[in-house]
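Residues per chain are reported as follows:
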Amino acid sequence: VHRWVVDQLRADLAAGFRRGDESADARARAGLAVFFEMLRADPRKARVLLFEMLGVSADLDRMYQQTAGEFLRFVMTAFRPLMPAERLASADEAMVFAGLVGAVFHIAIRWHLTRYETPLPTVLESCMVLFRDLSRTPAVLAAYSANIGTRRDCSAYAESRSAPVTSMTVTG
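Structural notes, computed from the coordinates. (Residues numbered from 1 in each chain as written. Predicted model: local features only at pLDDT ≥ 70, side-chain atom pairs only at ≥ 80, totals over all residues. Heavy atoms only, no water.)

## Re helix α2 (residues 24-41)
End to end, α2 covers 25 Å across 18 residues, agreeing with the expected 26 Å (1.5 Å per residue, within 8%). For α2, every residue scored as buried is listed here: Ala24, Asp25, Ala28, Ala30, Gly31, Leu32, Ala33, Val34, Phe35, Phe36, Met38 and Leu39. (Helix = DSSP H or I, 4+ residues; strand = E, 2+ residues; numbered from the N terminus. Expected span 1.5 Å × (residues − 1). Buried < 20%, exposed > 50% of the residue type's maximum accessible area, 1.4 Å probe, protein only.)

And the structure:
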């Protein structure tokens, strides 16, 4: 059952990426939407992916770890374009992204346990905040602003973060 759910998710992710626009932000959001929509559409799949695998047997633990590794590769592929190389220069990239995958899984667990009471757009933005905050640099903020539209949005985002942004030019 677990492998079937994972294979279905993988196919849905691929289709979602083909439908999405070309920006890294939009592609990442589309992939997360596919994941969270699948969980909400069939809570049994959520239980299989998030709860019922670990500790049952060594074989299922290995399968779970393999699936987690596949999701890690997806996240690295989807979000790497948002990460400036200098942000990861002194860190292990795979470890950083594994932490982000863990955060997404914990958001998914919380969402499932609260019976999906938080609106999906809020859940998606909660995930995206983690990735954007990690990628926080003036150039990335400018690209983010171009994706969401206005200088005001980008300025508000930059002002809400603790790291100072000394200058930023956004056209459009």
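Back to the text.
## Re the environment of isoleucine 109
As for its position among the elements, isoleucine 109 is in helix α5 (residues 93-113). As for isoleucine 109 and leucine 39, which are separated by 70 residues in sequence, their C-alpha atoms are 9.7 Å apart. Among all residues touching isoleucine 109, those that are not within four sequence positions of it are Leu50 and Phe51. (Contact = heavy atoms within 4.5 Å.)

## Looking at the pattern of salt bridges
One pass over the structure, following the stated rule, counts 7 salt bridges. For the salt bridge of arginine 10 with glutamate 70, the shortest nitrogen-to-oxygen distance reads 2.5 Å. Taken as a pair, arginine 10 in helix α1 (residues 2-19) and glutamate 70 in helix α4 (residues 58-79) lie far apart in primary sequence, 60 residues in all. The salt bridge involving aspartate 59 is made with arginine 62; its shortest N-O contact spans 2.3 Å. With a gap of 3 residues between them, aspartate 59 and arginine 62 both fall in helix α4, about one helical turn apart. (Salt bridge = Lys/Arg side-chain N within 4 Å of Asp/Glu carboxyl O.)

## Remarks on the nonpolar core
Core analysis: the largest hydrophobic core is formed by 45 residues, its most contacted members being Phe35, Phe36, Leu39, Leu49, Leu50, Phe79 and Phe97. Breaking this core down by element, the ones donating at least two residues are α1, α2, α3 (43-50), α4, α5 and α6 (120-134). (Core = buried A, V, L, I, M, F, W, Y, C linked by side-chain atoms within 4.5 Å.)

## Description of the packing of α5 against α6
The contact between α5 and α6 brings their axes to 11 Å, and the two run at 160°. The angle between the axes of α5 and α6 places the two elements in the roughly antiparallel class. Taken as a pair, α5 and α6 cross one another with a handedness that is right-handed. Side by side, α5 and α6 meet where Val96, Leu100, Ala103, Val104, Ile107 and Trp111 of the first sit next to Leu120, Val123, Ser126, Cys127, Leu130, Phe131 and Leu134 of the second. Taken together, the residues of the contact of α5 with α6 break down into 12 nonpolar, 1 polar and no charged. (Axes fitted to C-alpha atoms, helices over the stretch in contact; angles between N-to-C directions. Parallel < 35°, antiparallel > 145°, perpendicular 65-115°, else oblique. Left-handed = near helix turned anticlockwise from the far one by under 90°. Nonpolar A, V, L, I, M, F, W, Y, C, P; charged D, E, K, R; others polar.)

## With respect to empty space enclosed by the protein
If you walk through the whole model with that rule in mind, you get 1 cavity of 30 Å³ or more. Considering only enclosed or pocket space, the largest cavity measures out at about 50 Å³ in volume. In terms of residue count, the dominant contributor to the lining of the largest cavity is α4 (3 residues). The residue inventory of the lining of the largest cavity, partitioned by class, reads 4 nonpolar, 2 polar and no charged. (1 Å grid on protein atoms, 1.4 Å probe; cavity = no way out; pocket = protein on both sides within 12 Å on 5 of 7 lines; lining within 4 Å. Points joined across faces, edges and corners; volume = space filled by probe spheres on them.)

## Observations concerning the side chain of histidine 112
You can see histidine 112 is positioned in helix α5. Judged by relative accessible area, histidine 112 falls into the buried class, the value being 12%. The contacts of histidine 112, once residues within four sequence positions are left out, are Pro43, Ala46, Arg47 and Phe51.

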